[in-house]
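What follows is each chain in one-letter form.
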Amino acid sequence: LVLSLAWLGPAVGGEDKDEEVTEEEEKEKKEDEVLSDEIKEEDNVLVLHEHNFARALSEHQLLLVEFYAPWCGHCQRLAPAFAQAAAELRNESSPARLGKVDATAQTALATEFGITSYPTLKLFRDGNRTHPLAYTGRLDSQGIVRWVRRRAGPSATLLQDTDTIAAFISSQDLVVIGFFKDLRAEAAQAFLEVAAEMVDMTFGVAEAAELFQEYGLSADTVCLFKKFDERQTNFPVDPARGLDTAELTRLLRAHSLPLVMEFTNETSNQIFSAKIPHHMLLFLNKSSPEQLSLQDGFRAAAGGFRGEVLFVVVDVTGHGADVLSFFGMTAADAPTLRLVRMENNRKYRMEQDNFSDSAIGTFIRAVLDGQVKPHLLSAEPPEDWDARPVKVLVGKTFEQVAFDETKNVFVKFYAPWCPHCQAMAAAWEELAERYKDREDIVIAEMDSTANELENITIHGYPTLHYFPAGPGRKMVEYKSTRDVETFSKFLENGGTLPEEPPVSEVRGQPPWPGLSPAPAG
């Protein structure tokens, strides 16, 4: 058929010329469309460019714009949620609309709004293009809808009498009310800023004197009302310092959680977004009545550490089964306790598990006071750890190999699931092969998800450290290009290279459940 069409075309005559004219017309038509200020839509999302952007701002009171790149995986994953949010807001006749800009094509807009990563979301209000608000919500449809709704209306409901405030408190499992004697004062305005950001909570505000009296207050106070644990928690506003928005946000996050949480698929996001610096974990088998009873002492200990330590129950036969390897445990180790310091994922354990509230409290206080050493994971060293050109290190053997004063040791710290680590694996093997006969150079690797070191914290994968021969326990982090020739130059120059731009890596260790963070960029 292709051959038939090839010879038939010229015989008919004029087809090629007409086709050229048609293509030219289409090109001109597309150029006219781009130059026009007409606003088209895709799945309820406004398609914006430099010629219609001003019109979109003038026509919509609130406009949330996604600046994206067509090749960006994060943008592609966001697209369905963004479209769903756009449809939901449109269906409820919200004054807000959602739009998108291909920042790789619309470079003038990308430059104007300082777009350096994708996706970037910005909110434009009342046609103002000089001070857009950075999006701070979750990147799912409900997160986007809640965030936009909160900015489309008042961030807090004005409560004016006892009946209204009582109904407001009983309407939700958790509400936040700011009691201020002057709603125009700085503290009240700061409270409204917090309310605008914390879209997953319901906020009210009150200034009537009778309402202060009704809830036992005499000065400006933010109150958290819950239908669980403590029914009313007060956060008085310091008259001298005023209301610190970051501190209030932290307190509300910490106190909005139940005193003891169970680790489930539904609660995991709450647990890790609370930004509580320590997590105390009780691992148990929920099918065992004897182990379930251990929760009583665990809960009794929790009250004294509210906001400082989050208490979490982990069912080793349920959702918690997936996190056991992160702790070097199996289900048979339950019941047991672990404390995790979230800033560096250091784990602490009792010498002998004791589940009484007093023992748990004493142990936690000792860890917080720096009196307990972390419990470091280590795999068992393989019998053939040095048989291949790349030597395999574990926690137990790291010190004796890396700090051997007669060797220059180059170590790759990796995670098995890390795509960047997988990409450079062949180069690392080739490097080791090149130096396998050098007595003074060792090329090694360590799985940092299964092995931990007391004085070295790995913040991203892969991380490459060079330990030069000689005294002093020196360590040099390698931050240059990951190819064999550059590695070789680095080694031949004794662990130095000219300064070069950093390369991408998977930043940050995953939190204690072993969730994989997204690669940078």
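Residues numbered from 1 in each chain as written. Predicted model: local features only at pLDDT ≥ 70, side-chain atom pairs only at ≥ 80, totals over all residues. Heavy atoms only, no water.

Visitor: Go over the pairing of strand β18 (residues 408-414) with me, naming the residues and quoting the values.
Guide: For a regular strand, the rule is simple: side chains alternate between the two faces of the sheet. Burial analysis of β18 places six of its seven residues in the buried class, the great majority of the element. With seven bridges joining them, β18 and strand β19 (residues 441-447) adopt parallel strand pairing. The residue bridging lysine 412 from the neighbouring strand is glutamate 445, located in β19. Direction of pairing for β18 relative to strand β21 (residues 463-467): antiparallel, over a ladder of five bridges. Bridged to valine 409 within β21 is phenylalanine 467. (Buried < 20%, exposed > 50% of the residue type's maximum accessible area, 1.4 Å probe, protein only. Helix = DSSP H or I, 4+ residues; strand = E, 2+ residues; numbered from the N terminus. Pairing = 2+ DSSP bridges.)

Visitor: I'd love a proper account of the pairing of strand β2 (residues 45-48), names of residues and values included.
Guide: Both strand β1 (residues 40-42) and β2 contribute to a ladder of three bridges, which runs antiparallel. Bridge assignment links glutamate 42 to a residue of β2, and that residue is valine 45. Between β1 and β2, which pair antiparallel one after the other, the connecting turn spans two residues, and aspartate 43 there sits at a positive phi close to 55°. As judged from the three bridges shared by β2 and strand β4 (residues 96-102), these two strands associate in the parallel manner.

Visitor: Account for the packing of helix α8 (residues 186-197) against helix α10 (residues 245-256), naming residues and giving values.
Guide: At a minimum axis distance of 10 Å, the contact between α8 and α10 shows a crossing angle of 50°. Taken together, the axis directions place α8 and α10 in an arrangement best described as oblique. Seen from above, α8 lies across α10 with right-handed handedness. Contacts from Ala190, Phe191, Glu193 and Val194 in α8 reach Thr245, Leu248, Thr249 and Leu252 in α10. Looking at side-chain class alone, the contact of α8 with α10 contains five nonpolar, two polar and one charged residues. (Axes fitted to C-alpha atoms, helices over the stretch in contact; angles between N-to-C directions. Parallel < 35°, antiparallel > 145°, perpendicular 65-115°, else oblique. Left-handed = near helix turned anticlockwise from the far one by under 90°. Contact = heavy atoms within 4.5 Å. Nonpolar A, V, L, I, M, F, W, Y, C, P; charged D, E, K, R; others polar.)

Visitor: Residue-level account of the environment of methionine 424, with values.
Guide: Take methionine 424: it is sitting in helix α16 (residues 419-434). Residue methionine 424 is classed as buried on the basis of its relative accessible area, which comes to 4%. With 58 residues separating them along the chain, methionine 424 and arginine 482 place their C-alpha atoms 6.9 Å apart. Leaving out residues up to four positions away in the same chain, methionine 424 has contacts with Lys412, Pro462, Leu464, Arg482 and Phe487.

Visitor: An account of the packing of helix α6 (residues 141-152) against α8 is needed here, citing residue identities and associated values.
Guide: With their axes 8 Å apart at the nearest point, α6 and α8 run at an angle of 150° to one another. The angle between the axes of α6 and α8 places the two elements in the roughly antiparallel class. Where α6 abuts α8, its residues Trp147, Arg150 and Arg151 lie against Ala195, Ala196 and Glu197. The residue inventory of the contact of α6 with α8, partitioned by class, reads three nonpolar, no polar and three charged.

Visitor: Explain α16 residue by residue, including any values.
Guide: Spanning 16 residues, α16 covers 24 Å between terminal C-alpha atoms, matching the ideal 22 Å at 1.5 Å per step. Within the sequence span of α16, burial applies to His420, Cys421, Met424, Ala427, Trp428, Leu431 and Ala432. (Expected span 1.5 Å × (residues − 1).)

Visitor: So what's going on with the nonpolar core? Residues and values would help.
Guide: Core analysis: the largest hydrophobic core is formed by 23 residues, its most contacted members being Met280, Phe298, Phe311, Ile360 and Ile364. Residue contributions to this core peak at five residues, all from helix α14 (residues 357-368). Discounting residues that sit within four places of it in the chain, methionine 280 has contacts with Phe298, Val309, Leu310, Phe311, Val312, Leu337, Arg338, Leu339, Ile360, Phe363 and Ile364. Core analysis: the second largest hydrophobic core is formed by 22 residues, Ala156, Phe180, Ala188 and Leu248 among them. (Core = buried A, V, L, I, M, F, W, Y, C linked by side-chain atoms within 4.5 Å.)

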